Amino acid sequence: MSSGTNQTIVKGIVPPMVTPLLSDNLSLDVESVHRLLEHLIAGGVHGVFILGTTGESTSLSYRTRELLINETCRIVNGRIPVFVGITDTAIEESLHLADVAYKAGATAVVAAPPFYYGLGQEELYKYYWALASQLPLPLFLYNMPSHTKVNIDRGTVLRLAEHPNIIGLKDSSANTVYYQSLCYVLKDKEDFSLLVGPEEITSETILMGGSGGVNGGANMFPKLYVELYNATIARDFDRIRVLQNLVMDVATKIYTIGSYGSSYLKGLKSALSVLGLIQPYIAPPFNTFEEKEMTQVVESVNRIKAEIDNLL
């Protein structure tokens, strides 16, 4: 995908890939990166998004981020689109990561607002416009107000959508009223994609007119989320109901173990280790689950996997 106005709209399931780490909790586990990517591609996903929130991007060194970009693009080798997170507090670092992604062969980059100072909407607009104008790849906006302290307001998105190098938005606000308003004001802009983060509402937002989901659970069970997307596009509501229940099982049984702000990430990485795809290690400041919590993960993953295998 080249920059400019002639963009193919991004649709489908684009997992926000976890970053597999070795036991030092810092170094990239390249072998697991390969295994996980092959698992995702075999599951029929429509792309992969690295270095997002689920990918622990802000906890990783720039060296590790660059290595992950290069290894991901090398392994994927053009089979699916690769989206690279370049969120940073310094625009120079975002531009550097974008250059690494461009040289590696990535499809597009994704940036949430700088997350230290609170930006007003006009400042946010000017920041994104300047960033997009300097990038070698197309840009996805990333609305993540719980982490960045700022919401990209509907009017700001509408203005930014006029930039020829801004091709879409990933919304992780879990605010379906906001999302529906975006679908409404952008309904005539056919070259702008609207993707949603929270998997619990992916089907709902596609029915609103959204383009697809950037769903963490697709790391574990990509076929489930792809099937839900396909059923939603086909308006097969009986099938949607069954698949949605499984998605809710994932969200309620794996992401809520323990009383941590990081329970989602701990649960996801632990579940992937149970599936034999990665090791469970998490970058500081977080650590992996203890044995008692891992027992709960094993029980939940095995039960949900059996149900999915039986259905699909």
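Just so it is clear, the structure is predicted and the values come from calculations on it, not from any experiment.

Asker: For this particular structure, what's the right way to read the confidence of the model for the protein?
Answerer: As a note on interpretation, predicted positions should not be read in detail where pLDDT is low. Summary statistics for the protein give a mean pLDDT of 95 and a share of 97% for residues scoring 70 or more. Counting interchain partners and residues more than four positions distant, the pLDDT-below-50 stretch residues 1-6 has 14 contacts.

Asker: Explanation requested: the pattern of salt bridges in the structure shown.
Answerer: Opposite charge on two side chains permits them to pair, given that their charged atoms come into close proximity. The full count for this structure, using the stated rule, is 14 salt bridges. Among the ionic pairs, Asp 249 bridges to Arg 303, the shortest N-O distance being 3.8 Å. Of this pair, Asp 249 sits in helix α10 (residues 237-253) while Arg 303 sits in helix α12 (residues 291-311); the two residues are 54 residues apart in sequence, bridging distant segments of the chain. A residue is classified by how much of its surface remains accessible, and Arg 303, at 33% relative accessible area, is partly exposed. A salt bridge links Glu 307 to Arg 303; its shortest N-O distance comes to 2.9 Å. Highlighted residues: Glu 307 and Arg 303, both in helix α12, separated by four residues, approximately one helical turn. Accessibility expressed as a relative area gives 32% for Glu 307, which makes it partly exposed. Each member of the salt-bridge network shares a partner with another, and the members are Asp 249, Lys 253, Arg 303 and Glu 307.

Asker: I'm lost on the pairing of strand β5 (residues 139-143) in this one. Help?
Answerer: Most of β5 sits out of view: five of its five residues are buried. Neither face of β5 is open: one carries Leu 139, Leu 141 and Asn 143, the other Phe 140 and Tyr 142, and all of them are buried. As judged from the three bridges shared by strand β4 (residues 108-111) and β5, these two strands associate in the parallel manner. Bridged to Ala 111 within β5 is Leu 141. As judged from the five bridges shared by β5 and strand β6 (residues 166-171), these two strands associate in the parallel manner. Bridged to Leu 139 within β6 is Ile 166.

Calculation rules
Residues numbered from 1 in each chain as written. Predicted model: local features only at pLDDT ≥ 70, side-chain atom pairs only at ≥ 80, totals over all residues. Heavy atoms only, no water. pLDDT = per-residue confidence, 0-100. Contact = heavy atoms within 4.5 Å. Salt bridge = Lys/Arg side-chain N within 4 Å of Asp/Glu carboxyl O. Helix = DSSP H or I, 4+ residues; strand = E, 2+ residues; numbered from the N terminus. Buried < 20%, exposed > 50% of the residue type's maximum accessible area, 1.4 Å probe, protein only. Pairing = 2+ DSSP bridges.

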